[in-house]
Amino acid sequence: EYSRQNGRFRLRVIGHPDYGIPFGQQDRLILKWIASMATWQKSPVIRSRSAAAILDTVGLPKDGRY
């Protein structure tokens, strides 16, 4: 689990039991995107069709090399 709080805003990411949560320079973009979407949508819950759809949105490749 990864959690950050800034005032009344709290970001909480719960990873898969077997794979954990994203960690690395490029993976931080995904966490920033999630926080931005929560702010833009004014909703604490962000839903996506798939992880691939998120990667497309932030412009990251889906091959796992990056």
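Data block above holds the structure.
Before going into details, it helps to say that this report is about the structure given with it.

About the criteria used
Residues numbered from 1 in each chain as written. Predicted model: local features only at pLDDT ≥ 70, side-chain atom pairs only at ≥ 80, totals over all residues. Heavy atoms only, no water. Salt bridge = Lys/Arg side-chain N within 4 Å of Asp/Glu carboxyl O. Buried < 20%, exposed > 50% of the residue type's maximum accessible area, 1.4 Å probe, protein only. Helix = DSSP H or I, 4+ residues; strand = E, 2+ residues; numbered from the N terminus. Pairing = 2+ DSSP bridges.

With respect to the pattern of salt bridges
In this structure the tally under the stated criterion is one salt bridge. A salt bridge links Lys62 to Asp56; its shortest N-O distance comes to 3.0 Å. The exposure class of Asp56 is partly exposed, given its relative accessible area of 48%.

Structural notes on the pairing of strand S1 (residues 2-6)
Of all five residues in S1, zero are buried; the element is thus mostly exposed. Relative to strand S2 (residues 9-13), S1 runs antiparallel, the two sharing five bridges. Bridge pairing in S2 places Tyr2 opposite Val13. With antiparallel pairing between neighbouring strands as the criterion, S1 and S2 make up a hairpin whose turn holds two residues, including Gly7 at a positive phi of roughly 65 degrees.

In short, shape yes, function no, at least from these values alone.
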